[in-house]
Every structure is written in C-alpha cells, then in structure tokens.
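# Examining the three-dimensional arrangement
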Amino acid sequence: MSQYGNSSKVDMRGPGYDELLPFPPGFTKALYKARLEVNRHEFGGMMMIKAFEDNSYKVAFFSELGLNFFDFELRPSENKNLLRLYVKNIYSPLNKNFLLNKFEKYFSMLLGSGPNGPEQKTFLKKDGSMVLVRVKSYKGKDAYLSKNLIEPYNEVVNIGGLRCKDRITITLSPKKTNYSPESILIEQPGFRLRFGLELIE
C-alpha cells in the first residue's frame, strides 16, 4: 500500500465494472491445465470450473489418469465476498481443514462478486500505472488491481496483518477466452503454496 496514494470513492454498481472481474457475467465453463505445489508436494492434471444459474460453482481438479484430487461446490453466502466451500470428493492427502479454508478463500477471490457495489475506495499508484480497489473481506482486505478500471483486473491480493503485508496474490493474464483468463497463478509464500492454471482451448 505504500506505493499508492490519492484515494477516492467510486460507485462501481454499473455493468461495466462486472466485466473487470476474473470470471465476468457470461462465463459458463473453463478447463485448465493445473499444477498445485503445496508444502513441497506436487499435484498435476486438469481443473474444470463451471458456473450455475444460482451463482454457485463447481470446481474439480483431477489427474490425467482420472484420479480425483478434489471436487468442490462453492455457494453464495450472507457475506458477498465469501463463497462457502462444500467438499463432494477429495484425495486424502489434501483433506486438511486448514488447506480447505485456503481453497475457500482463493476461489472466493476468483469467483466472488469482488468490489462491485456503491462507494468503493480506490487508490492510484504513485507512478500512475495502476488503480487499486480495496474492499473489506471476511479475512483481512482484498485489493483488485487494474490499469485504469476499464481493462480487467490483472491481480487480486489479500492483505492483512499490522503491516498490511501481502498474504495471497492471484495474478491473472489480461487476455480472456470465453470469459476466462488464459492463465491464473495463485501464490501464498508464507504457506508455501503455488497453484498455476493455463487455459485449454
């Protein structure tokens, strides 16, 4: 946050702001080549994300040999920035409560409604290269970064703690195919986690 100044408030209720989200309205389904590295363990395969009309999502991660690493359902909650995670199936080494809480946060940042709404606080980077929209979240604060609030967000960051250090960083490719970012990288260094996704056309 030390790189940002000149805060202001922006009404972000318009449909144009919906288009900035990682998976904007119109998204239905995407298949990614996926690689998960967590605490020195590696899992590789494909991940499917599917949207439903009730604003819920299915997220399934499986190996190319058919092993199901996880199958999640994410449903809206009373908190607009929280999608509740429900486990349909999971590979036992990944079936850890602390890890499931992490996945719930990552997918809420990716698939939730983000900063859309009235009177959102924005900050301009001191060199003028980026606009940051900061919203209160159920875990710290989430920041959505765009070059100009016209182009899609290219990064979503969860910041927390006394010094507001980055805790989770999601880097998004600026290019989309069928309303889906062509690449996604989720990193949480303190947790030794890295989750890379490359869209399969």
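Please read these numbers as outputs of a predicted model, since none were measured by experiment.

## Points about helix α2 (residues 97–111)
- Over its 15 residues, α2 extends 21 Å from the first C-alpha to the last, a length consistent with the 21 Å expected when each residue adds 1.5 Å.
- A large share of α2 lies buried, amounting to eleven of its 15 residues.
- Along α2, the positions that sit buried rather than exposed are L99, L100, F103, E104, K105, Y106, F107, S108, M109, L110 and L111.

## Quick look at the pairing of strand β3 (residues 41–51)
- When strand β2 (residues 29–38) meets β3, the two strands line up antiparallel, connected through ten bridges. Counterpart to R35 in the pairing with β3 is G44.
- The hairpin turn running from β2 into β3, its antiparallel successor, is two residues long, and N39 in that turn takes a positive phi close to 50°.
- Bridging between β3 and strand β4 (residues 57–62) involves six bridges; their strand directions are antiparallel. Paired with A51 across the bridge in β4 is Y57.
- Joining the antiparallel neighbours β3 and β4 is a turn of five residues, in which N55 adopts a positive phi near 70°.

## Overview of the nonpolar core
- Counting 51 residues, the largest nonpolar core has M47, F70, F103, F107, L111 and F195 as the members making the most contacts within it.
- Element by element, the count of residues in this core is highest for α2, at eight residues.
- Discounting residues that sit within four places of it in the chain, F107 has contacts with M47, V59, F70, F72, L74, L83, G112 and F195.

## Focus: the environment of K88
- With respect to the helices and strands, K88 occurs in strand β6 (residues 83–90).
- Separated by 42 residues in the primary sequence, K88 and M130 have C-alpha atoms spaced 39 Å apart.
- Contact partners of K88, with chain neighbours within four places excluded, come to D71, E73 and R75.
- In this structure the side chain of K88 is engaged in a polar contact, spanning 3.3 Å, whose partner is the side chain of E73.

## Looking at the packing of aromatic side chains
- Evaluated as defined, the whole model comprises 16 aromatic pairs.
- On the numbers, 5.4 Å between centres and 70° between planes, the contact of F43 with F69 is edge-to-face. Within this pair, whereas F43 is found in strand β3, its partner F69 is found in strand β5 (residues 68–76), the two being separated by 26 residues in sequence. The pair formed by F43 and F69 is uniform in burial state, with each residue classed as buried.

## Examining the pattern of salt bridges
- Applying the stated criterion to the full structure yields nine salt bridges.
- R35 is the salt-bridge partner of E42, the closest N and O atoms lying 2.3 Å from each other.
- As a salt-bridge pair, D142 and K105 come within 3.0 Å of each other at their nearest N and O atoms. Taken together, the residues span a long stretch of sequence, with D142 in strand β9 (residues 141–146) and K105 in helix α2 at a distance of 37 residues. With respect to burial, D142 and K105 carry one shared label: buried.
- Residues joined by salt bridges that share partners form a network here, namely R35, E37 and E42.

About the thresholds
- Here the residue numbers are simple positions, counted from 1 along each chain's written sequence.
- Side-chain atom pairs in this predicted model are given and counted only at pLDDT of 80 or more, local residue features only at pLDDT of at least 70, and totals for whole chains, interfaces and linings cover all residues.
- Each side-chain value is worked out from all heavy atoms of the structure, with water and hydrogens disregarded.
- A run of DSSP states H or I qualifies as a helix once it reaches four residues; a run of E qualifies as a strand once it reaches two. Both are numbered from the N-terminal end.
- The length a helix should cover is 1.5 Å for every residue beyond the first.
- Only protein chains enter the accessibility calculation, which uses a 1.4 Å probe; a residue whose area is less than 20% of its type maximum is buried, one above 50% is exposed, and one in between is partly exposed.
- The pairing criterion for strands is at least two bridges between them, as found by DSSP.
- Nonpolar cores were defined as sets of buried Ala, Val, Leu, Ile, Met, Phe, Trp, Tyr and Cys residues, with membership established by side-chain atoms within 4.5 Å.
- Contacts between residues were defined by any pair of non-hydrogen atoms, one from each residue, lying within 4.5 Å.
- Residues adjacent in sequence count toward polar contacts only when both atoms are side-chain atoms; beyond that, a polar contact is any pair of N or O atoms within 3.5 Å, and within protein one must be able to donate a hydrogen and the other to accept it.
- Stacked, tilted and edge-to-face pairs are distinguished by plane angle, under 30 degrees for stacked and over 60 for edge-to-face with tilted covering the rest, among Phe, Tyr and Trp rings (Trp via its six-membered ring) whose centres lie within 6.5 Å.
- One side-chain nitrogen of Lys or Arg within 4 Å of one carboxyl oxygen of Asp or Glu is enough to make a salt bridge.

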